[in-house]
Each structure stands twice: as C-alpha cells, then as structure tokens.
Amino acid sequence: MILRRLLFSAVKMAASNPAVQKQAAELTRKAVTKARPGLLKASRRAGELVRTTSDELADGVKQFKQGAKPKGAGGGDDASHNSTDNSAGDASSK
C-alpha cells in the first residue's frame, strides 16, 4: 500500500512537470506519425469490407422482396417437406 502511494505520487509529480509534459507530447507525436500509414491502410480496408457487406446485404434484401431465394440459401421449403416425410415414415414403422 505504501509502495503504491509512493509510485502514484511520483507519477503525479512527473505529470505536473512541464518538461516531462513536453517530452511526452513529443514522443506521442512521433508515435502517431509512425503509426499513421498503418492506420490509414487499416481504415481503407475496413471501409472496403463495410461497403462489400452492405452491397451484399442490399442485394439479399432486394431478392427477398422480389420473392427469389438469396444466393447460398439452402432449400428451406425442401427441409419442411422432409420433416413431414420423416414423421409419416416414423408413424408407419410403429
């Protein structure tokens, strides 16, 4: 507990020191400058993924409204027919 208090008081004194603040600002500025290309590239890639996903979703909604099956959809109607066939088969085997 005492060690924690000493550590925090040392950090508070360092943070209130204008020279330390100036040095921290400079280090932050350098870090941001180095990270900027990677951040911009990641941002571009995220934007592309969002646009692609949005377009796919809009196409699916459009097809749904037109009554067509969306791409990649399994036969939902076939599954319901199979369940009734199975239940009839089960009843006859009993």
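Provided above is the structure to which this section pertains.
What you see is a predicted model; the values in this text were computed from it and never measured.

### Section: the overall build of the protein
Thinking step 1. A count of helical and extended segments in the protein gives 3 helices and 0 strands.
Thinking step 2. If you list the helices and strands of the protein from N to C, you get α-α-α.
Thinking step 3. Counting all 94 residues of the protein, 1% fall into the buried class.
Thinking step 4. When the accessible surface of the protein is totalled, it reaches about 8700 Å², and 61% of it is carbon and sulfur.

### Structural notes on helix α1 (residues 2–16)
For an α-helix the count is 3.6 residues per turn, leaving residues at separations of three or four pointing the same way.
Thinking step 1. For α1, built from 15 residues, the straight-helix expectation of 21 Å at 1.5 Å per residue is met to within 8% by its first-to-last C-alpha distance of 21 Å.
Thinking step 2. With 0 of 15 residues buried, α1 is to be regarded as a mostly surface element.

### Looking at helix α2 (residues 18–66)
Thinking step 1. Taking 1.5 Å of rise per residue, 49 residues should cover 72 Å, and α2 covers 66 Å from first to last C-alpha, within 8% of that figure.
Thinking step 2. Most pronounced at arginine 36, the bend in α2 amounts to some 45°, and the proline proline 37 follows within four residues.
Thinking step 3. In this structure asparagine 17 caps α2, since a side-chain oxygen of it lies 3.1 Å from the backbone nitrogen of alanine 19.
Thinking step 4. The first or second residue beyond α2 is glycine 67, which carries a positive phi of 90°.

Quick notes on the rules
Residues numbered from 1 in each chain as written. Predicted model: local features only at pLDDT ≥ 70, side-chain atom pairs only at ≥ 80, totals over all residues. Heavy atoms only, no water. Helix = DSSP H or I, 4+ residues; strand = E, 2+ residues; numbered from the N terminus. Buried < 20%, exposed > 50% of the residue type's maximum accessible area, 1.4 Å probe, protein only. Areas by Shrake-Rupley, 256 points an atom, 1.4 Å probe, with all protein chains shown as cover. Expected span 1.5 Å × (residues − 1). Bend = angle between axes of the 7 residues up to and from the residue. Polar contact = N/O pair within 3.5 Å; in protein donor to acceptor, adjacent residues only side chain to side chain.

Nothing here speaks to function; it is all geometry.
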